[in-house]
Amino acid sequence: MEFNAEQIAAYLQGQVEGDPKAVVTTFAKIEEGVPGAITFLSDIHYEHYLYDTKASVVLVNKDFQPSKPVTATLIRVEDARACVARLLTLYQQTMSQLRVGIHPQACVAETAQIGKNVYVGPHAYVGENVVIGDGTQLYAGVVVEERATVGENCILYPNVSVYHDCHVGNRVILHSGCCIGSDGFGFAPIEGGYEKIPQIGNAIVEDDVEIGANSCVDRAVMGSTYVRKGVKLDNLVQIAHNCDIGENTVMSAQVGVAGSTKIGQWCMFGGQVGVAGHIEIADRTRSGAQAGIAGKVRKSDQVIIGSPAMDARQFARCSAVFKNLPELWKDVNDLKRAFKNK
Amino acid sequence: MEFNAEQIAAYLQGQVEGDPKAVVTTFAKIEEGVPGAITFLSDIHYEHYLYDTKASVVLVNKDFQPSKPVTATLIRVEDARACVARLLTLYQQTMSQLRVGIHPQACVAETAQIGKNVYVGPHAYVGENVVIGDGTQLYAGVVVEERATVGENCILYPNVSVYHDCHVGNRVILHSGCCIGSDGFGFAPIEGGYEKIPQIGNAIVEDDVEIGANSCVDRAVMGSTYVRKGVKLDNLVQIAHNCDIGENTVMSAQVGVAGSTKIGQWCMFGGQVGVAGHIEIADRTRSGAQAGIAGKVRKSDQVIIGSPAMDARQFARCSAVFKNLPELWKDVNDLKRAFKNK
Amino acid sequence: MEFNAEQIAAYLQGQVEGDPKAVVTTFAKIEEGVPGAITFLSDIHYEHYLYDTKASVVLVNKDFQPSKPVTATLIRVEDARACVARLLTLYQQTMSQLRVGIHPQACVAETAQIGKNVYVGPHAYVGENVVIGDGTQLYAGVVVEERATVGENCILYPNVSVYHDCHVGNRVILHSGCCIGSDGFGFAPIEGGYEKIPQIGNAIVEDDVEIGANSCVDRAVMGSTYVRKGVKLDNLVQIAHNCDIGENTVMSAQVGVAGSTKIGQWCMFGGQVGVAGHIEIADRTRSGAQAGIAGKVRKSDQVIIGSPAMDARQFARCSAVFKNLPELWKDVNDLKRAFKNK
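Residues numbered from 1 in each chain as written. Chains lettered and ligands numbered in written order. Predicted model: local features only at pLDDT ≥ 70, side-chain atom pairs only at ≥ 80, totals over all residues. Heavy atoms only, no water.

Put simply, the rule reads: UniProt positions are given in the numbering used here, feature names are shortened, and annotations may be inferred rather than shown by experiment.
Chain A carries the name UDP-3-O-acylglucosamine N-acyltransferase in an unreviewed UniProt entry, which gives Alloprevotella rava F0323 as its organism. Heading Catalytic activity (unreviewed entry) of the UniProt record for chain A holds this comment: "a UDP-3-O-[(3R)-3-hydroxyacyl]-alpha-D-glucosamine + a (3R)-hydroxyacyl-[ACP] = a UDP-2-N,3-O-bis[(3R)-3-hydroxyacyl]-alpha-D-glucosamine + holo-[ACP] + H(+)". Here is the UniProt Function (unreviewed entry) comment for chain A, exactly as written: "Catalyzes the N-acylation of UDP-3-O-acylglucosamine using 3-hydroxyacyl-ACP as the acyl donor. Is involved in the biosynthesis of lipid A, a phosphorylated glycolipid that anchors the lipopolysaccharide to the outer membrane of the cell."

Right under this line is the structure:
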């Protein structure tokens with residue numbers, strides 16, 4: 001790729017400040033800028049990098065005022081972060097060819113319905129009565145078991161598994177090793193061991209979901225486990241049977257949600273958060289990393305952290321005292337002694 | 001499927017209360033009941049759903065006394081939860097056909113011994129000198145490496161890996177992406193880096209074990225890592241080298257057990273628990289979610305939680321004070337000041 | 001295998017104490033010693049096993065002085081742990097044949113460059129323009145996507161995925177289900193949902209790295225995610241986009257590192273540690289299990305634990321008081337009351 005600042009500004013409806021002919025051949029983060037790179041400044045914490053960057057062009061928000069001289073050419077845009085995402089998308093679309101066709105070493109059951117412009121990679125398996133929508137790409141080693149459906153324009157990266165009878169919506173991205181519809185964890189104690197409770201429900205992943213590598217969404221014991229429209233799950237996330245993850249909720253890596261829990265819309269979970277089973281979490285709850293959410297979160301828009309989880313500011317105050325507990329202990333013992341001696 | 005209440009009651013040796021001809025065509029959870037569904041009430045916390053459920057038939061424990069009028073037909077049984085498990089098992093056996101045969105796109109080494117009625121799915125690989133027992137099903141993409149054995153009537157879901165020389169018992173279920181026998185994590189520091197300590201032992205998974213999606217059981221450095229009879233591991237669980245997980249112990253998702261630890265029988269671990277290496281955990285220990293078990297648990301039947309883990313009731317009391325630490329801090333400082341001023 | 005104590009001592013440049021003709025046919029841990037086994041004693045905590053072991057030969061450090069009579073034959077060596085690693089390596093090299101050749105059921109793109117003595121197992125896929133170095137083994141079901149490179153003498157175990165454009169160095173071991181180069185977790189909020197930020201960078205795994213089963217290393221949004229020379233990652237570890245994991249750093253199972261974090265050299269992380277994004281961790285930092293490292297670690301060689309993480313000794317002291325918080329609470333309330341009554 002090769003563009004100049006003027007062309008990029010035109011595409012983004014931005015304004016050039018500096019050399020309109022500055023050439024751009026690659027992308028870089030602002031702290032790793034090299035000549036020929038375009039980068040962006042959105043978070044003001046990174047402003048100091050702007051004055052030293054070797055990048056040729058920097059996207060900035062339109063009202064940004066530099067506090068020192070800048071050598072790079074600036075392009076002022078409405079929202080620098082969103083604009084860089086648009087450029088990256090354009091770049092990726094240009095660079096990556098859509099894969100189409102059923103590889104001769106793939107295995108597609110005769111009863112499967114395959115849409116138009118579908119890619120089924122080598123050693124991928126599409127089972128009996130599966131439906132694959134138009135434009136969907138199943139990479140090498142993907143397995144879609146019987147009666148499952150995958151919508152349009154999805155990407156299932158290598159070695160993804162979709163179990164029987166599960167449904168994946170449109171424009172869904174599932175990364176390597178991700179598993180949709182494994183059995184929920186249900187056992188009834190019997191004499192001398194446990195009896196498996198068959199998990200006859202399924203898992204439903206709605207439109208515009210992205211799920212990270214080696215994450216797991218279990219099928220329901222009865223009914224369905226839901227990952228709603230627009231949800232984004234990072235790597236190694238666990239969603240147990242009969243959960244319902246609300247629209248546009250985002251979970252960082254290694255989060256685990258126990259069975260039958262219903263999570264609201266637009267929630268955000270930091271890494272390694274654990275959520276207990278059979279509870280409800282209100283909309284727009286934001287949970288800090290490693291929180292242990294043991295009970296219902298009834299009020300929406302809260303920020304929580306800690307295990308067990310509590311209000312984040314309260315946790316910060318409590319943690320500050322925790323660090324001084326030995327001193328507090330000593331103070332109390334000094335007081336007790338002093339009081340006794342009085 | 002279509003049955004009526006009378007037929008189901010006869011199968012379960014229960015008693016109908018209501019319409020014996022009520023028709024059942026599906027299963028549902030009590031809070032999601034629809035006409036034609038059978039459901040169950042076992043946990044009394046869900047009793048309120050009984051009076052509103054649209055399900056046609058509800059299994060209840062035989063001594064259950066409703067506190068309000070019920071429109072659904074009841075079937076009174078010895079143990080409602082166990083009976084629903086029996087029905088689900090029957091349903092699943094009826095619905096799912098056992099898969100048999102070696103798929104033409106599978107790869108089975110000539111030296112492998114394959115039992116009767118075995119299924120080897122597309123792109124599955126059975127290595128040299130592997131033994132697969134009667135009735136076992138290896139789904140698409142499963143890999144069983146050389147000299148490993150898998151017993152009778154097992155199911156290995158897509159993309160499971162069993163490393164060389166490992167042993168899997170009878171009636172074992174391994175979910176997608178589960179990995180048995182990867183190298184234990186052992187390195188000796190040397191000049192300028194680490195030297196790998198070869199892991200020449202194996203991993204042994206005994207009868208009636210179920211292991212969840214993307215869980216890992218490492219092989220021993222020498223000897224064997226054991227997952228004993230009847231153990232149930234949820235998704236994304238880590239069992240390190242030379243561990244011994246006692247019979248009928250149950251671990252929820254994302255639990256991790258460090259190397260050489262011996263865990264007793266009938267233990268139960270909540271999600272995301274971590275257990276240190278080289279320790280022993282007594283039988284029937286129950287650990288709350290996210291606990292960090294750093295030292296031996298000598299006494300059986302304890303309930304523990306926290307990181308580091310302690311008695312669960314004690315943890316609850318300590319946590320209650322933790323939430324009030326800023327207030328406690330203030331009180332102590334007030335006392336100090338007041339005392340000084342006296 | 002069959003050797004005697006004398007032969008082993010000669011190989012290790014050690015000295016026999018006891019029967020030089022003692023026969024060795026297998027390895028065992030000292031607590032599991034059987035006749036015919038060689039074992040070792042390095043950690044003095046295990047010394048009591050020495051006096052009861054049924055092993056025929058025990059490697060000990062050259063200056064070790066037994067405090068009771070020993071029946072086993074001893075071989076005194078410079079470093080017993082290192083010597084057992086050497087023996088195990090020798091044993092493994094003898095036992096395991098290097099696999100060579102492209103399996104007829106593998107799929108290798110015509111544009112791929114395959115080195116000498118490479119093994120590509122059944123149902124493995126090597127994509128367009130991939131480069132595979134000499135002596136590297138790709139086990140069954142491995143997928144290496146277009147333009148990725150894998151160096152010399154690597155082992156990629158079953159069902160590993162390497163995404164397009166990623167680079168894996170020499171002598172790297174990737175265990176089953178491990179995923180290199182999945183998309184980093186980046187989304188920009190837009191009206192009604194999130195827009196994916198394309199991740200156009202890659203992931204680079206340098207020489208002599210070992211990564212455990214089902215671990216994930218995400219590709220960078222721009223530039224590269226680095227796992228530096230000699231790093232060892234256990235199973236189920238998450239390395240987010242744009243991280244840089246310093247040379248010879250070791251992470252136990254289920255550790256998660258959030259995006260853009262730079263970790264120093266020779267660090268050691270216990271299991272389930274979480275590290276926040278956009279921070280730096282100094283060289284030789286040692287973090288206890290389950291720590292939550294929320295902020296920069298500026299000073300090297302610290303030992304930290306807790307969530308949020310703090311100095312390990314301080315955490316031990318604080319935890320000790322935490323266990324007694326109910327008592328402390330009562331003391332303070334007693335003091336308040338007593339003070340009021342004065």
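### So, the relation of the copies chain A and chain C
Definition in use: Residues reaching a pLDDT of at least 70 in both copies supply the C-alpha atoms on which the copies are superposed by least squares.
Superposing chain A onto chain C requires a rotation of 120° together with a translation of 0.0 Å along the rotation axis, leaving an RMSD of 0.0 Å. The superposition operator between the copies reduces to a three-fold rotation axis. Residues of chain A ranked by C-alpha distance from the rotation axis are headed by H123 of chain A, positioned 3.4 Å from it.

### Things to note about the interface of chain A and chain C
The following threshold applies: We call two residues in contact when some of their heavy atoms are within 4.5 Å. Once two parts are joined, some of their accessible surface, as seen by a 1.4 Å probe, is lost; buried area is that loss totalled over both. Just to be clear on terms, a salt bridge is a Lys or Arg side-chain nitrogen sitting within 4 Å of an Asp or Glu carboxyl oxygen.
Between chain A and chain C, the residue contacts involve 57 residues of the former and 72 residues of the latter. In total, about 5100 Å² of surface goes out of reach between chain A and chain C, with carbon and sulfur atoms giving 65% of it. On the chain A side of the contact with chain C, F322, W329 and F339 of chain A bury the most area, a combined 12% of that side's loss. Where chain A meets chain C, there are four salt bridges.

### Points about the sheet that holds strand β30 (residues 244-245) of chain B
Residue and element names in this part refer to chain B. Quick reminder of the rule: Here, any two strands with at least 2 DSSP bridges between them count as paired. By the criteria applied, helices consist of DSSP H or I runs no shorter than four residues and strands consist of E runs no shorter than two, each listed in order from the N terminus.
Read from one edge to the other, the open sheet built from nine strands follows the order β10-β13-β16-β19-β24-β27-β30-β33-β36, with strand pairing classed as parallel. At either margin of the open sheet sits one strand with a lone partner, and together these are β10 (113-114) and β36 (280-281). Pairing geometry for strand β16 (residues 149-150) and strand β19 (residues 167-168), over two bridges, is parallel. Its bridge partner being in β19, T149 is matched across the sheet by H167.

### Brief notes about the packing of helix α1 (residues 5-12) of chain B against helix α3 (residues 80-95) of chain B
Each pair of packed helices gets described by two things: the angle between the helix axes and the distance between those axes. Residues and elements named next belong to chain B. Stated precisely, the cut-off is as follows: Helix axes are fitted to C-alpha atoms over the stretch in contact, other axes to C-alpha atoms as well, and angles between N-to-C directions run from 0 to 180 degrees. If an angle is under 35 degrees, it is roughly parallel; if it is over 145, roughly antiparallel; if it lies from 65 to 115, roughly perpendicular; otherwise it is oblique. Think of it as three bins: nonpolar holds Ala, Val, Leu, Ile, Met, Phe, Trp, Tyr, Cys and Pro, charged holds Asp, Glu, Lys and Arg, and polar takes everything else, Gly as well.
With their axes 11 Å apart at the nearest point, α1 and α3 run at an angle of 105° to one another. The orientation of α1 relative to α3 falls into the category roughly perpendicular. Of the residues in α3, those touching α1 at I8, Y11 and L12 are C83, R86, L87 and L90. Residues of the contact of α1 with α3, tallied by class, amount to six nonpolar, no polar and one charged.

### Remarks on the interface of chain B and chain C
Using the following cut-off: As used in this structure description, the phrase polar contact means that two N or O atoms lie within 3.5 Å; if the pair is within protein, one of them must be able to donate a hydrogen and the other to accept it, and residues adjacent in sequence are counted only when both atoms belong to side chains.
Listed by partner, the interface residues are 71 residues for chain B and 57 residues for chain C. For the pair chain B and chain C, the summed buried area comes to about 5100 Å², and 65% of that belongs to carbon and sulfur atoms. Where chain B meets chain C, there are four salt bridges. Put simply, E145 of chain B and R99 of chain C hold a salt bridge, and the shortest N to O gap is 2.6 Å. Inspection of the chain B/chain C interface yields 29 residue pairs in polar contact (both at pLDDT 80 or more).

### Side note on the pattern of salt bridges
All names here are of chain B. What counts here: Think of it in three bands: residues with accessible area under 20% of the maximum for their type are buried, residues over 50% are exposed, and the middle band is partly exposed, with areas taken using a 1.4 Å probe on protein chains only.
With the rule as written, the count across this model stands at 60 salt bridges over all chains. The salt bridge partner of D165 is R147, with a shortest N-O separation of 2.7 Å. With D165 in the loop between β18 (161-162) and β19 and R147 in the loop between β15 (143-144) and β16, this residue pair connects regions lying 18 residues apart in the sequence. Taking relative accessible area as the criterion, D165 reaches 23% and is therefore assigned partly exposed.

### Here we look at the pairing of strand β5 (residues 37-41) of chain B
Residues and elements named next belong to chain B. With five of its five residues buried, β5 lies for the most part within the structure. In this sheet, β5 lies alongside strand β4 (residues 26-27) in parallel orientation, the contact comprising two bridges. Opposite F27, over in β5, you have I38 as the bridge partner.

### Here we look at empty space enclosed by the protein
Here is the rule we go by: Here a cavity denotes a set of grid points, spaced 1 Å apart and computed over the protein atoms alone, in which a 1.4 Å probe fits but from which it cannot get out, and a pocket denotes an open set meeting protein on both sides within 12 Å along at least five of seven lines; residues with an atom within 4 Å of a point are reported as lining. Grid points are joined across faces, edges and corners, and a volume is the space filled by probe spheres set on the points.
Counting across every chain of the model gives five cavities of 30 Å³ or more. Along the walls of the largest cavity sit 20 residues, with N159 and G177 of chain A, N159 and G177 of chain B together with G177 of chain C positioned nearest its centre. A per-class count over the lining of the largest cavity returns five nonpolar, 15 polar and no charged. Estimates place the volume of the second largest cavity at around 70 Å³. As for the second largest cavity, its lining consists of H123, G141, V143 and N159 of chain A, P122, H123, A140, G141 and N159 of chain B together with H123, G141 and N159 of chain C. Of the residues contributing to the lining of the second largest cavity, the split by class is three nonpolar, nine polar and no charged.

### Describing the pairing of strand β21 (residues 179-182) of chain B
Residues and elements named next belong to chain B. When β18 meets β21, the two strands line up parallel, connected through two bridges. Bridge assignment links V162 to a residue of β21, and that residue is I180. Sheet topology note: the β21/strand β26 (residues 216-218) ladder contains three bridges and is parallel. The residue of β26 that forms the bridge with I180 is V217.

### Let's talk about the packing of aromatic side chains
Defined as follows: Each Phe, Tyr or Trp ring (for Trp, its six-membered ring) is paired with any other whose centre lies within 6.5 Å, and the angle between the two planes then decides the class: stacked below 30 degrees, edge-to-face above 60, tilted in between. Remark: a charge is flagged as sitting over a ring if the NZ atom of Lys or the CZ atom of Arg is within 6 Å of the ring centre and within 35 degrees of the ring normal.
Taken as a whole and judged by the stated rule, the model has 30 aromatic pairs over all chains. Relative to W266 of chain B, the ring of Y194 of chain A has its centre 5.4 Å away and its plane inclined at 45°; by these criteria the two rings are tilted. Of this pair, Y194 of chain A sits in strand β23 (residues 193-196) while W266 of chain B sits in the loop between β33 (262-263) and β34 (268-269), on two different chains. By relative accessible area, W266 of chain B is classed as partly exposed at 27%. The interplanar angle of 50° and the centroid separation of 6.1 Å between the aromatic rings of F315 of chain B and F322 of chain C together place this pair among those described as tilted. Taken as a pair, F315 of chain B in helix α4 (residues 312-322) and F322 of chain C in helix α4 (residues 312-322) lie in two separate chains rather than in one. For F315 of chain B, a relative accessible area of 12% puts it in the buried group. Aromatic ring contacts, followed pair by pair, group F315 and F322 of chain A, F315 and F322 of chain B together with F315 and F322 of chain C into a single cluster. Sitting over the ring of Y11 of chain A, R86 of chain A keeps its end group 5.0 Å from the ring centre.

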